[in-house]
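# Topology and contacts: notes
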Amino acid sequence: MKTPSELWPTPGMRLAGFGKESVAHRGPGICVLHIYKDYPPVLGGIELHVRLLAEAQARMGYDVTVLTASPGLLSEEETRNGVRLIRAGRLGTAASTPISLPMPRILRRLRPHLAHLHFPYPWGEVSQLLFGQAPCMVVTYHSDIIRQKTLLRFYRPMMNRVLSSARGIIVTSGAYLESSPYLGEFRDKCAVIPLGIDLKPFLRSYPSRVRLLREFFAAPTVLFVGKLRYYKGLETLIEAVADLDARLVVLGEGPLDRKLRDKVLSMKIGDKVAFLGEVTQEMLPAYYQAADVLVLPSSHRSEAFGLVLVEAMASGLPVISTELGTGTSFVNVHGKTGVVVPPGDPVSLKAALSVLLEDGELRRQMGSRGRVRALTEFSATKMVHSVCRFYDMQLRA
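In short, a report on the structure.

Reading guide: rules and limits
- Sequence order as written defines the numbering, with residues in each chain counted from 1.
- Where local features are concerned, this predicted model is filtered to residues with pLDDT of at least 70; where side-chain atom pairs are given and counted, the filter is 80 or more; whole-chain, interface and lining totals use all residues.
- Each side-chain value is worked out from all heavy atoms of the structure, with water and hydrogens disregarded.
- Helix and strand definitions here come from DSSP, where helices need a minimum of 4 consecutive H or I residues and strands a minimum of 2 consecutive E residues; each element is numbered from the N-terminal end.
- Residues adjacent in sequence count toward polar contacts only when both atoms are side-chain atoms; beyond that, a polar contact is any pair of N or O atoms within 3.5 Å, and within protein one must be able to donate a hydrogen and the other to accept it.
- DSSP bridges decide pairing: two strands pair if at least two such bridges lie between them.
- Fitted lines through C-alpha atoms give the axes, limited to the stretch in contact for helices. The angle between two N-to-C directions lies from 0 to 180 degrees.
- Residues are treated as being in contact if the distance between any of their heavy atoms lies within 4.5 Å.
- Every angle not falling under 35 degrees, over 145, or within 65 to 115 is termed oblique; those three ranges are roughly parallel, roughly antiparallel and roughly perpendicular.
- Gly counts as polar in this scheme, as do all residues outside two lists: the nonpolar Ala, Val, Leu, Ile, Met, Phe, Trp, Tyr, Cys and Pro, and the charged Asp, Glu, Lys and Arg.
- Only buried residues count toward a nonpolar core. Its members are Ala, Val, Leu, Ile, Met, Phe, Trp, Tyr and Cys residues joined through side-chain atoms within 4.5 Å.
- Working definition: with a 1.4 Å probe on protein chains only, accessible area under 20% of the residue-type maximum means buried, over 50% means exposed, and in between means partly exposed.
- We define a salt bridge as a side-chain nitrogen of Lys or Arg found within 4 Å of a carboxyl oxygen belonging to Asp or Glu.

## Section: the side chain of arginine 363
Here arginine 363 lies in helix H15 (residues 360-377). There is a polar contact of 2.7 Å between the side chain of arginine 363 and the backbone oxygen of leucine 356.

Next comes the structure, spelled out in structure tokens:
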């Protein structure tokens, strides 16, 4: 029998050529330039957020360009869903930061009305600060720099210059604004705009796909969705499910893939943990609907918001997250939409899972409340209009 991910393969991507004339802004309306290190088909919360925001703004009549790093040495350009996407050639990657020598040159030639930096991406931020031509710059502060302590020691003065130069700073939750050690001196220019997603795919029903997945899982199912990175806390989740009558389904890929698989083998629980890799956005909602609970067991503040929590809640699924002092506990309200446990604590996580897996009515109630919260607080429409109003305020300042 094929795995579900084999039944729904990931679609391909076409790239066009890159020419000098393509870097001049064009078209009517306000010209907006988004800058971040990656863009889909690279999957990640910020990458998907940038795409959603850029494509929505293009539909609203903005002239939108996204500048990001190419996977290889050559620069490339294409227009996708109304968004001009420029991938600047990548020399290499250091401390999770793509280094692109063409990026400063491209920024010198672009003439947007507003540049929108998605922090943290030090190379893009410094390039915009030194070479960018936009008269107005704003920043979405997605996360503190957590792991790259050496980089931060050298980058901190330039980071402060970037934040000082920004006309306005978007923070995705009040909790992150209050707890960040770096945002305090910039509070006066900060605005809280929670992230939002296109909820429609997660509100629809997929009965045939869900039935197939439940037959494939053949057990109460704990779901994890995300990149397999150091801050996701998957080691804790694996330990928590070891003695439970449940199956853990892991959707995602990343640098810890081999280490996590080895851990599962060493614990002799290979029959209880399924690593299914990345799945298409088309198929993802069915996984949420087929599962019993979604767990985001993150261990570090790099998990600033947790969009997978919103996806799961919109799908009617109860969620478990960890208390990090970030936006995750704003998204998941403890005791209402799910449960919040301490990070790195497999005993507490196991206890929370046991309660939810044994109480179907509690799962239903939390899932129902989560769906209402997702609709009320985290729609793409609400977020996009809030960001555009924020633009207007900064452009008039």
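## Quick look at the sheet that holds strand E1 (residues 31-35)
Pairing within the open sheet is mixed, and its eight strands lie in the order E3-E4-E2-E1-E7-E8-E9-E10. The sheet is open, and its two edges are formed by strand E3 (76-80) and strand E10 (190-192), each paired on a single side. The sheet shows a mean angle of 20 degrees between the axes of neighbouring strands, direction not considered. For E3 and strand E4 (residues 83-88), the ladder comprises five bridges, and the chain directions are antiparallel. Each bridged residue has a counterpart across the sheet, and for glutamate 77 the counterpart in E4 is isoleucine 86. Packed onto the sheet, helix H4 (residues 122-131) meets E1, strand E7 (114-119) and strand E8 (136-141) and runs at close to 155 degrees relative to E7.

## Considering the sheet that holds strand E16 (residues 338-341)
Read across the sheet, six strands follow the order E13-E12-E11-E14-E15-E16 without closing on themselves; strand pairing throughout is parallel. Each edge of the sheet is formed by a strand with only one pairing partner; in this case those strands are strand E13 (273-277) and E16. With direction set aside, neighbouring strand axes in the sheet form an average angle of 20 degrees. Sheet analysis places strand E12 (residues 247-251) next to E13, joined by four bridges and oriented parallel. By the bridge assignment, leucine 248 is partnered in E13 with valine 273.

## Some thoughts on the packing of helix H2 (residues 45-59) against helix H16 (residues 380-396)
Taken N-terminus to C-terminus, the directions of H2 and H16 make an angle of 70 degrees; their axes are 10 Å apart at the nearest point. By the angle between their axes, H2 is roughly perpendicular relative to H16. When H2 is examined against H16, the residues His49, Leu52, Leu53, Ala56 and Gln57 are found in contact with a partner set consisting of Ala380, Met383, Val384, Val387, Cys388 and Tyr391. When the residues that make up the contact of H2 with H16 are grouped by side-chain class, the tally is nine nonpolar, two polar and no charged.

## Let's talk about the nonpolar core
Counting residues in each nonpolar core, the largest one holds 68 residues, and the members touching the most others are Leu237, Tyr288, Leu294, Ile320 and Leu353. With seven residues, helix H12 (residues 307-314) is the single largest residue contributor to this core. With near-sequence residues (within four places) excluded, leucine 294 lies in contact with Leu223, Phe224, Val225, Tyr288, Val308, Leu309, Ala312, Leu317, Pro318, Val319 and Ile320. Counting 60 residues, the second largest nonpolar core, distinct from the first, contains Ile35, Ile46, Ala54 and Met103.

## What to know about the pattern of salt bridges
Close approach of charged atoms allows side chains of opposite charge to pair. Tallying each qualifying case throughout the model produces 16 salt bridges. A salt bridge links aspartate 38 to arginine 90; the nearest nitrogen and oxygen atoms lie 3.0 Å apart. Of this pair, aspartate 38 sits in the loop between E1 and H2 while arginine 90 sits in the loop between E4 and strand E5 (92-94), and the two are 52 residues apart along the sequence. Arginine 90 carries the same exposure label as aspartate 38, and that label is buried. Across the pair aspartate 243 and lysine 350 runs a salt bridge whose closest N-O atoms are separated by 3.8 Å. Of the two residues, aspartate 243 is situated in the loop between helix H9 (234-241) and E12 and lysine 350 in helix H14 (residues 346-358); the sequence distance between them amounts to 107 residues.

## Re unusual backbone geometry
With omega at 20 degrees, the peptide bond leading from proline 40 into proline 41 counts as cis. Proline 120 follows phenylalanine 119 through a cis peptide bond whose omega is 10 degrees. Within the secondary structure, proline 120 sits in the loop between E7 and H4. For alanine 218, which is not glycine, the phi dihedral falls at a positive 55 degrees. Tracing the backbone shows alanine 218 in the loop between helix H8 (207-217) and strand E11 (221-225). Phi at lysine 268 is positive, roughly 60 degrees, even though this residue is not glycine.

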